[in-house]
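Next come the chains, spelled out residue by residue.
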Amino acid sequence: MATHLPIRATVREDLAAAMDHDPAATSRWVVLLTSAGLHAIWLHRIAHRWWQQPSGKWPARLLAYVSRSVTGIEIHPGAHIGRRFFIDHGMGVVIGETSVVGDDVMLFHGVTLGGTSGKRVKRHPTLGNDVMVGAGAKILGDIHVGSNVRVGANSVVVKDVPTGAVATGIPARYRYPQLDDSPMMAPEERLYADPALFI
């Protein structure tokens, strides 16, 4: 999932993703200089490359520690993160060591991709492509969240979520709101009938 593009191309892609996903982003220069989410992912991409080298583990952990101190976002250097990844606001995001994140994924502040095992195994979630995770949501354990999934704010996901679903609640349940459309309901009525559509 995580591909090693040239650094300049990666920076351009991540910056474009930030501009696309953040309606408050009015200037590329402001985003470039002040987005904690972008800075965290760029430092992670460096740390992850170091992590893959036999002698790079401790420098990678040190860089991850510095990144957390500066940005408020904790990403373990072992985590695999895809292209055009964006963290909006960012404070309090935690991404564990064996997490795998696909392309075009967006996380909001307070999201945890956490583990449920104390053993050295795959213990963190795998997210497909084009996943959006709302503020404060927790996705825990070696579970799979399919592509084109929306996870609601403050939801706790502990089981697999199939492609195209919306997961909300504690523990999260999933559904396909686009399949529940009634031809008798106006679009505005659908939004009030199922607040998950606001995600």
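Everything below is about the structure shown above.
Residues numbered from 1 in each chain as written. Predicted model: local features only at pLDDT ≥ 70, side-chain atom pairs only at ≥ 80, totals over all residues. Heavy atoms only, no water.

Engineer: Summarise the overall build of the protein; cite the residues concerned and give the values.
Structural biologist: Helices and strands together make up the secondary structure of the protein, namely 5 helices and 15 strands. Residues classed as buried in the protein amount to 44% of the 199 residues present. Of all intrachain contacts in the protein linking residues separated by at least 6 positions in sequence, the fraction that spans at least 24 positions is 33%. Roughly 10600 Å² of accessible area belongs to the protein as shown, and the carbon and sulfur atoms make up 59% of that amount. (Helix = DSSP H or I, 4+ residues; strand = E, 2+ residues; numbered from the N terminus. Buried < 20%, exposed > 50% of the residue type's maximum accessible area, 1.4 Å probe, protein only. Contact = heavy atoms within 4.5 Å. Areas by Shrake-Rupley, 256 points an atom, 1.4 Å probe, with all protein chains shown as cover.)

Engineer: Any details on the sheet that holds strand E11 (residues 144-145)? Residues and values, ideally.
Structural biologist: Whether parallel or antiparallel, the strands of a sheet pair through hydrogen bonds between backbone atoms. Strand order in the open sheet formed by 4 strands is E2-E5-E8-E11, with parallel pairing between adjacent strands. Whereas interior strands pair on both sides, the edge strands pair on one side only; in this sheet they are strand E2 (80-81) and E11. One ladder, built from 2 bridges, connects strand E8 (residues 126-127) with E11; its direction is parallel. Within E11, the residue paired with threonine 126 across the bridge is histidine 144. (Pairing = 2+ DSSP bridges.)

Engineer: Talk me through the packing of aromatic side chains; I want residue IDs and the actual numbers.
Structural biologist: The final tally for this structure, using the stated rule, is 1 aromatic pair. Look at tyrosine 174 and tyrosine 176: their rings are 6.3 Å apart centre to centre, the planes differ by 80°, and that puts the pair in the edge-to-face class. For tyrosine 174, a relative accessible area of 45% gives the class partly exposed. Its end group placed over the ring of tryptophan 51, lysine 57 keeps NZ or CZ at 4.8 Å from the ring centre. (Phe/Tyr/Trp six-rings, centres within 6.5 Å; stacked < 30°, edge-to-face > 60°. Lys NZ or Arg CZ within 6 Å of the ring centre and 35° of its normal.)

Engineer: Kindly report on helix H3 (residues 36-51), identifying the contributing residues and their values.
Structural biologist: With 16 residues, H3 extends 22 Å between its outermost C-alpha atoms, agreeing within 8% with the 22 Å of an ideal straight helix rising 1.5 Å per residue. Every buried residue of H3 is accounted for by Gly37, Leu38, Ala40, Ile41, Trp42, His44, Arg45, Ala47, His48 and Trp51. Considering only its buried residues, H3 is in contact with helix H1 (7-21), helix H2 (28-34), helix H4 (57-71), strand E1 (74-75), E2 and strand E3 (86-87). (Expected span 1.5 Å × (residues − 1).)

Engineer: Describe the environment of histidine 39, naming the residues involved and giving the relevant values.
Structural biologist: You can see histidine 39 is positioned in helix H3. Assessed through its relative accessible area of 25%, histidine 39 is described here as partly exposed. In this structure the C-alpha to C-alpha distance between histidine 39 and threonine 71, which are 32 residues apart in sequence, comes to 7.3 Å. Beyond its immediate sequence surroundings of up to four residues, histidine 39 is in contact with Leu32, Leu33, Thr34 and Thr71.

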